[in-house]
Amino acid sequence: MFVENVEWQIRQQPYNAMIVIFRRKSRVAAALFLVLLLYLLVGLIPEHRETLFGFTYVRTSYDWSKQPLKYPISEYTPLPTDRPLLLPKVQYAFTADTSPAGVARDQVLASRRAEVKDAFVKSWTSYKNVGFGYDELMPVSGKGRDAPGFGGWGATLVDSLSTLWIMGLKDDFYEAAAAAVTIDWADTRDTSCNFFETTIRHLGGLLGAYDLSLETALLEKAVELGDMLYMAYDTPNHMPPFWLDFSDAKNGNQVAGYHDPSASVTSSSLEFTRLAQLTGDNKYYDAINRVTLVLDEWQNKTTLPGMWPTFFDFNQLQLDSDSSYTLGALADSLYEYLPKTFAILGGLEPIYEKLYRGAMDTVIQNLLFRPKTPNQDDILFSGNVYVSSDGPYLTAEGQHLACFVGGMFGLGGKLFNIPEHLQIGEKITRGCVWAYDAMPTGIMPEIFDLEKCDTLEPCEWDEAGWEDDSDTQLTRGFKNARDPRYLLRPEAVESVFLMYRMTGNSEYQEMAWRMFQAIRNATETDLAFSSIQSVRDVDTVKSDSMESFWLAETLRYLYLTFSSPDLIDLDEFVLNTEAHPLRRPR
């Protein structure tokens with residue numbers, strides 16, 4: 001600290017730094033020697049800033065790649081490097097329609113795309129005006145805020161990079177990239193970071209931006225972060241905790257948690273695999289492979305064989321201490337990443353197909369339900385299961401977060417040639433769209449309960465039973481809207497986008513347009529767009545919150561839905577859970 005302070009003083013105020021020294025002639029010789037010594041010291045202090053691949057680059061002030069491991073690995077599991085398998089096509093075989101109707105349709109899509117882009121530019125400009133250093137814009141008050149556990153590393157900045165590139169906002173992209181490569185991962189007021197969120201937003205964001213732009217400085221910054229996040233695996237059993245505590249990581253005191261959300265500690269396989277592919281460093285792949293092997297070991301030993309519980313005791317490696325199961329909050333991306341990791345590995349690691357098939361068999365038998373509606377709508381939702389001594393019990397709860405499941409089933413159906421899964425994915429996606437259309441604002445609630453049929457087949461509507469059980473101000477089929485908020489979430493439009501790209505059915509584009517209009521009408525502020533307190537009130541109350549996924553996911557998926565199918569082709573890219581496009585190897 002002393003040398004750093006001297007460096008700053010000599011460089012910024014050289015006259016003031018020396019004037020006191022020369023007040024007495026007797027000190028001149030000693031002073032000259034001291035000044036010479038100080039200049040030599042300053043010259044030997046490395047500048048943090050350097051020019052790297054055309055960017056002014058700031059290296060992180062703590063180099064995690066040089067941090068000794070408390071629990072070193074004797075031999076890393078190597079990344080599969082054979083030629084990728086010829087996998088089934090994920091994306092529909094679109095053809096150009098040059099007829100007058102086709103040209104008119106293209107003009108409609110271009111207009112819709114422009115409106116989505118306008119919403120992004122409005123949000124981005126307001127965020128940029130409060131400063132890239134903040135994690136998020138507060139879209140009502142116009143202030144910036146840092147999200148707890150995000151390190152203050154500009155979550156919206158990094159999360160938005162790929163959207164800027166995809167929307168053709170190249171000047172803004174390079175301005176944002178120039179800011180991103182100056183992030184110092186050691187410069188934070190937090191003592192720890194959320195391992196999961198930092199991986200999907202920051203690491204995923206940098207990798208996706210690199211895979212699109214091939215700007216090497218972004219990969220260099222991703223490697224710095226990857227080396228820091230890798231330390232989460234330096235525990236006695238090499239399982240990661242929920243929080244990466246910086247002090248514990250430096251002192252070798254980290255341990256895995258006793259009750260951590262399963263998604264948070266298992267959802268790094270895409271990002272770490274891609275980092276291993278780009279760098280050739282097997283340590284990243286070895287880390288996530290160890291977690292995958294634990295999932296494989298426990299898949300059929302849990303209280304609901306085939307699935308894994310919502311919470312994990314990774315400390316004791318006991319995955320049967322919790323008896324709750326869901327594809328929604330706290331567990332979602334564990335399952336989402338199974339087909340996606342299979343794809344990014346080019347099909348060379350069959351364990352991910354095995355895990356996906358086993359899990360989805362259990363999901364179909366136990367978690368999926370058909371809501372009871374007057375019109376016997378052919379739609380599905382994914383609920384929650386609790387296992388007791390009497391067996392599994394399904395609650396017909398719907399979650400906005402669980403709307404990703406439609407796209408996941410579609411992707412698995414395509415990759416693994418399971419046509420039934422694509423059909424299930426369509427029914428789940430249409431279920432989420434039905435829930436959007438059912439609310440006064442045209443947006444589905446965060447959490448709600450539904451009437452359900454006893455099987456996945458149509459069932460008779462019971463008006464009297466619904467009136468006794470439910471809030472009758474809601475659309476028939478809904479029992480309640482327990483959490484009526486909308487947080488600008490992307491999961492429903494994510495599945496709509498994926499279904500359009502996988503089936504070629506333009507109905508999904510119409511659904512997406514209807515959803516975008518509803519979201520814009522309900523959430524727009526003078527500055528940007530805000531979470532709202534209730535989707536039941538047309539006169540919405542804004543919550544002054546705009547998480548980074550609004551720009552990274554919601555608007556990106558909507559834009560891509562109205563774009564040419566060759567923009568982020570699903571046979572060339574895998575989208576991580578934050579919609580960052582990671583290039584599939586060829």
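Residues numbered from 1 in each chain as written. Predicted model: local features only at pLDDT ≥ 70, side-chain atom pairs only at ≥ 80, totals over all residues. Heavy atoms only, no water.

Caption draft 1: The arrangement of the overall build of the protein in detail. Along the protein, the regular secondary structure elements total 21 helices and 18 strands. Rg of the C-alpha trace for the protein: 26 Å, near the compact-globule value of 25 Å for 586 residues, within the 12% margin. Across its three principal directions, the C-alpha atoms of the protein cover 105 × 55 × 50 Å. When each of the 586 residues of the protein is scored for burial, the buried share is 58%. Within the protein, residue pairs in contact and separated by at least 24 positions form 71% of the contacts whose partners lie at least 6 positions apart. Carbon and sulfur atoms make up 50% of the accessible area of the protein, which amounts to about 24000 Å² in all. One finds the centroid of the 51 positive side-chain charges in the protein at a distance of 7 Å from the centroid of its 80 negative side-chain charges. (Helix = DSSP H or I, 4+ residues; strand = E, 2+ residues; numbered from the N terminus. Rg over C-alpha atoms; globule rule 2.2 N^0.38 Å. Buried < 20%, exposed > 50% of the residue type's maximum accessible area, 1.4 Å probe, protein only. Contact = heavy atoms within 4.5 Å. Areas by Shrake-Rupley, 256 points an atom, 1.4 Å probe, with all protein chains shown as cover. Lys, Arg positive; Asp, Glu negative; His and termini not counted. Charge placed at Lys NZ, Arg CZ, Asp CG, Glu CD.)

Caption draft 2: Structural context of the sheet that holds strand β9 (residues 324–326). Read across the open sheet, the three strands follow the order β9-β12-β13; overall the sheet is antiparallel. Edge strands, defined here as strands with exactly one partner in the open sheet, are β9 and β13 (391–395). In this sheet, adjacent strand axes meet at a mean angle of 25 degrees when their direction is disregarded. Alignment of strand β12 (residues 384–388) against β13, held across five bridges, turns out to be antiparallel. Across the sheet, the residue bridging to Tyr386 is Tyr393, located in β13. (Pairing = 2+ DSSP bridges. Axes fitted to C-alpha atoms, helices over the stretch in contact; angles between N-to-C directions.)

Caption draft 3: Spotlight on empty space enclosed by the protein. Counted by the stated rule, this structure contains five cavities of 30 Å³ or more. Taken as a whole, the largest cavity spans an internal volume of roughly 120 Å³. Lining the largest cavity, in full, are Val90, Lys340, Ala343, Leu411, Glu494, Leu498, Tyr557, Leu570, Phe573, Val574, Leu575 and Arg584. Contributing elements (two or more residues each) for the lining of the largest cavity: α14 (332–344), α19 (491–503) and β17 (573–575). (1 Å grid on protein atoms, 1.4 Å probe; cavity = no way out; pocket = protein on both sides within 12 Å on 5 of 7 lines; lining within 4 Å. Points joined across faces, edges and corners; volume = space filled by probe spheres on them.)

Caption draft 4: Region of the structure containing the side chain of Thr341. Looking at where Thr341 falls in the secondary structure, it is placed in helix α14. Classification of Thr341 by relative accessible area gives buried; the value is 0%. Polar contacts involving the side chain of Thr341 include one to the side chain of Ser269, which spans 2.7 Å. Among all residues touching Thr341, those that are not within four sequence positions of it are Ser269, Leu270, Thr273 and Tyr352. (Polar contact = N/O pair within 3.5 Å; in protein donor to acceptor, adjacent residues only side chain to side chain.)

Caption draft 5: Summary view of the state of the cysteines. If you walk through the whole model with that rule in mind, you get two disulfides. Each disulfide pairs two cysteine sulfurs, and for Cys403 the partner residue is Cys432, the sulfurs being separated by 2.1 Å. Negative torsions about the S-S bond denote left-handed disulfides, and the value of about -105 degrees found for Cys403 with Cys432 makes this one left-handed. Here Cys432 lies in helix α17 (residues 419–437) and Cys403 lies in the loop between β14 (397–399) and α16 (404–415), a separation of 29 residues in the sequence. (Disulfide = S-S within 2.5 Å.)

Caption draft 6: Local environment of the packing of aromatic side chains. Throughout the structure, instances matching the rule amount to 33 aromatic pairs. Look at Tyr92 and Phe94: their rings are 5.1 Å apart centre to centre, the planes differ by 80 degrees, and that puts the pair in the edge-to-face class. Ring centres of Trp308 and Tyr335 lie 5.6 Å apart, and the angle between their planes is 45 degrees; this geometry places the pair in the tilted category. Placement of Trp308 in the loop between α13 (282–298) and β8 (311–312) and of Tyr335 in helix α14 is noted, with a sequence separation of 27 residues between them. (Phe/Tyr/Trp six-rings, centres within 6.5 Å; stacked < 30°, edge-to-face > 60°.)

Caption draft 7: Geometry of the pairing of strand β15 (residues 447–450). Strand direction decides the pairing type here: β14 and β15, joined by three bridges, are antiparallel. Counted as the bridge partner of Gln399 is Ile447 from β15. With three bridges joining them, β15 and strand β16 (residues 478–483) adopt antiparallel strand pairing. Along β16, the bridge assignment pairs Leu450 with Phe478.

Caption draft 8: Quick look at the environment of Ala343. Note that Ala343 resides in helix α14. Taking the relative accessible area as the measure of exposure, Ala343 reaches 4% and is therefore buried. C-alpha separation for the pair Ala343 and Ser470, spaced 127 residues apart in sequence, amounts to 43 Å. Not counting the four nearest positions on each side in its chain, Ala343 is found in contact with Leu87, Leu415, Val574 and Arg584.

Caption draft 9: Seen up close, the confidence of the model for the protein. Looking at the protein as a whole, the pLDDT averages 93, with 92% of positions reaching at least 70. Low pLDDT, under 50, characterises residues 1–28; the stretch is placed with 19 contacts to residues that sit more than four places away or in other chains. Taken together, the stretch residues 37–47 has pLDDT below 50 and engages in nine contacts with residues farther than four places along the chain or on a different chain. (pLDDT = per-residue confidence, 0-100.)

Caption draft 10: Spotlight on the environment of Thr60. Relative to the assigned elements, Thr60 resides in the loop between β2 (55–58) and α4 (100–130). On the accessibility criterion, Thr60 (13% relative accessible area) is buried. Note: C-alpha distance between Thr60 and Asp184 (124 residues apart in sequence) is 4.3 Å. Apart from the residues within four sequence positions on either side, Thr60 is in contact with Asp184, Trp185, Ala186, Lys221 and Glu224. A distance of 2.9 Å separates polar atoms of two side chains, one belonging to Thr60 and the other to Asp184.

Caption draft 11: Main features of the environment of Arg274. Examined against the element boundaries, Arg274 turns out to sit in helix α12 (residues 269–279). Each C-alpha atom of the pair Arg274 and Gly208 lies 9.7 Å from the other, and the pair is 66 residues apart in sequence. Setting aside anything within four residues of it in sequence, one finds Arg274 in contact with Leu207, Asp211, Ile344, Leu582 and Arg583.

Caption draft 12: Geometry of the packing of helix α20 (residues 507–523) against helix α21 (residues 549–561). The contact between α20 and α21 brings their axes to 9 Å, and the two run at 140 degrees. By the angle between their axes, α20 is oblique relative to α21. When you trace α20 past α21, the crossing you get is left-handed. Of α21, the residues touching α20 (which contributes Gln509, Ala512, Phe516 and Ile519) are Trp550, Leu555, Leu558 and Thr561. Residue classes in the contact of α20 with α21 are distributed as six nonpolar, two polar and no charged. (Parallel < 35°, antiparallel > 145°, perpendicular 65-115°, else oblique. Left-handed = near helix turned anticlockwise from the far one by under 90°. Nonpolar A, V, L, I, M, F, W, Y, C, P; charged D, E, K, R; others polar.)

Caption draft 13: Molecular detail of the pattern of salt bridges. Across all of its chains, the model carries 33 salt bridges by this definition. Between Arg357 and Glu353 there is a salt bridge, and its shortest N-O distance comes to 2.9 Å. With Arg357 and Glu353 both in helix α15 (residues 351–366) and four residues apart, this pair spans about one turn of that helix. The class for Arg357 is partly exposed, based on a relative accessible area of 34%. Judged by relative accessible area, Glu353 falls into the partly exposed class, the value being 22%. (Salt bridge = Lys/Arg side-chain N within 4 Å of Asp/Glu carboxyl O.)

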